[in-house]
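Below are the chains, spelled out letter by letter.
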Amino acid sequence: MALSRRRFFQGAGALTLLAGRLPVPAFAQSAPAGDIPPILFVHGNGDHAALWMTTLWRMESNGVPRERMAAINFTDPLARADDKVEQAGRSSTEDQRRALAEAVRELKQSSGAARIALVGNSRGGNAIRNTVKNGGGGDISHAVLCGTPNHGVYASDDGLGNEFNGRGPFLRGLNDGDSEVTAGTAFLTLRSDGLDKYAQTDGRFIGKPGTPTNVTTEGPALKGATNLVLGAVDHRETAYHPRAFREIYRFVAGREPSRIEIVPETAVRLSGLVTGTPGGVPTNRPVPGAVVDIYHVSAETGERLGGPLHSSQTGADGRWGPAQVDPSWPLEFVLTSPAAVTTHIYRSPFPRSSDIVHLRAARPMPPADAGAGAIVLMSRPRGYFGLPRDIVLFDGKEPADVKSGVPTDAVTTLRLTAAEVGRPVAAIFNAERIVMRAWPASENRIAVAELTY
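Throughout what follows, the structure given in this document is the object of discussion.

Counting residues in hydrophobic clusters, the biggest one holds 52 residues, and the most contacted among them are W320 and F333. Looking at which element gives the most residues to this core, the answer is helix α7 (residues 242–253), with 7 residues. Grouped together as the second largest cluster of nonpolar side chains are 23 residues, L414, I434, A438 and A449 included.

Secondary-structure assignment places S141 in strand β7 (residues 140–146). The contact partners of S141, leaving out residues within four places of it in the chain, are P37, R115, I116, A117, T185 and A186.

Time to look at the pairing of strand β22 (residues 424–429). Residues V425, A427 and F429 point to one face of β22 and are all buried, whereas P424, A426 and I428, pointing to the other face, are not buried. Taken together, the 3 bridges between strand β20 (residues 392–394) and β22 define a ladder with antiparallel strand orientation. Following the sheet pairing, L393 is matched in β22 by I428. Taken together, the 6 bridges between β22 and strand β23 (residues 432–437) define a ladder with antiparallel strand orientation. Each bridged residue has a counterpart across the sheet, and for F429 the counterpart in β23 is E432. Hairpin connection from β22 to β23: 2 residues lie between these consecutive antiparallel strands, with N430 at a positive phi of about 50°.

In the contact formed by helix α3 (residues 93–111) and helix α4 (residues 123–133), the axes pass within 9 Å of each other and the chain directions differ by 70°. In terms of orientation, α3 lies roughly perpendicular with respect to α4. Side by side, α3 and α4 meet where T93, Q96, R97, L100 and A101 of the first sit next to R123, A127, I128, N130 and T131 of the second. Here the residues of the contact of α3 with α4 are counted per class, giving 4 nonpolar, 4 polar and 2 charged.

The subject of this paragraph is the pairing of strand β6 (residues 116–121). Within β6, 6 of the 6 residues are buried, which leaves it mostly tucked inside the rest of the structure. Because side chains alternate across β6, one face comprises the buried residues I116, L118 and G120, and the other comprises A117, V119 and N121, equally buried. Where strand β2 (residues 39–42) and β6 come together, 4 bridges link them in parallel fashion. Along β6, the bridge assignment pairs F41 with V119. As defined by bridge partners, β6 adjoins β7 across 6 bridges and the pair is classed as parallel. Within the sheet, the bridge partner assigned to V119 lies in β7 and is V144.

As a further point, take the sheet that holds β23. The antiparallel open sheet is built from 3 strands, whose spatial order is β20-β22-β23. Taken across any chain shown, the strands that pair with only one partner, and hence form the sheet edges, are β20 and β23. In this sheet, adjacent strand axes meet at a mean angle of 15° when their direction is disregarded.

Each value, and the rule that gives it
Residue positions are given per chain, counting from 1 as you read along its sequence in written order. Since the coordinates come from a predicted model, pLDDT governs what is reported: local features require at least 70, and pairs of side-chain atoms require 80 or more to be given and counted, while whole-chain, interface and lining totals use all residues. Note that the side-chain values use all heavy atoms of the structure and ignore hydrogens as well as water. Here, the term nonpolar core denotes a set of buried Ala, Val, Leu, Ile, Met, Phe, Trp, Tyr and Cys residues that are joined through side-chain atoms within 4.5 Å. Each residue is placed in one exposure class: buried if its accessible area under a 1.4 Å probe, protein chains only, is under 20% of its type's maximum, exposed if it is over 50%, and partly exposed if it falls in between. The numbering of helices and of strands both runs from the N terminus, where a helix is a DSSP run of H or I of at least 4 residues and a strand a run of E of at least 2. A contact between two residues is defined here by any heavy atoms of the two lying within 4.5 Å. Criterion used throughout: strands pair if DSSP finds at least two bridges between them. Angular values range over 0 to 180 degrees, each being the angle between N-to-C directions of two axes fitted as lines to C-alpha atoms, with helices fitted over their stretch in contact. Oblique is the label for any angle not under 35 degrees, not over 145, and not in the 65 to 115 range, which are roughly parallel, roughly antiparallel and roughly perpendicular in turn. Note on residue categories: nonpolar means Ala, Val, Leu, Ile, Met, Phe, Trp, Tyr, Cys or Pro, charged means Asp, Glu, Lys or Arg, and polar means any other residue, Gly included.

Here is the structure:
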């Protein structure tokens, strides 16, 4: 039975920090599965499958066949304010459990394996625990929970219906008993040593400064699990950082990875899903009638080097592609969606193929952008900007809208004058550098430098 392409996509594809090109070892192309179970990756609150792209590439670079891996795409990834009360564009814990159970069944069937491993970030770990404990544990050999707020983002008598309240019925049900894990499944938790904004003693990161949350940095740990502290990583990096990859691989495979870097392919094919934000709520619902154009651009100026490499329009399933690209080329994706801002997304080279290059249009221009000649963003989907932990330079300066201390900001905004339209803007995050062009805001256009690391 074919996998549901609307919700459940097999992984591959992104870029590497290595300079130059490496030959692709034979094992990386067609290695046997060996003793590694198939792996299903589960994204977090408001996110999508594409965040697992670099993890999938690293798995492939260690010989795990891409057909033995998949990443779920929850239709409505945001949690409800109250788990039992319907809310437009949002999902309940039961919605997530049912969707994940079906994805587990599909991967088992496609792989022929009796049991599979689940790896989740943040809310994705809630869905994993719920699935394992409340039907389906016999199908799961390993459960890796990365930055999952297992004891809540907060624990109080207010908002008891919220999925992330440690005193609420959902988490109390999962944590009931002497052991907080389900027998028969091996559990691993990965957490930060203090930089996870959802594992803080003070409520300032959930809008309640000065109010105790009654949770600590140890909140993601579970009795009965293997609990590891990764160091100074942020909430998302507990899943997507190279350090996290090493622990995920070692736990599931039972041995160290042979490499951490991503091994490039000689031929790269990209495709994905265009999704929308109805009512301002990020969803993974497909957008029909969207046009995706891809250009090869200069790494130094962001200027287009020729005409479009690819152009396609999405159908009812929201899929775009496939596009054939060179693994050494920086790219500009132009997303033109119905009733949305035209979004120019600049990306570093993709060293490997991927069919989860999912695209969402930028948010509508807020009043703060009124009168600007151009709006340019630097976005980091797989982590946050940490100051002074990281090197963060946007147009040659440290962004004023990125707060120091615990990393909380994943997007920074630069507003340019009309006289600056068309000029190059450099976005630098540690070793990754993307140069984009400033497009006129008067034409309802926004440029985004989307970091891969």
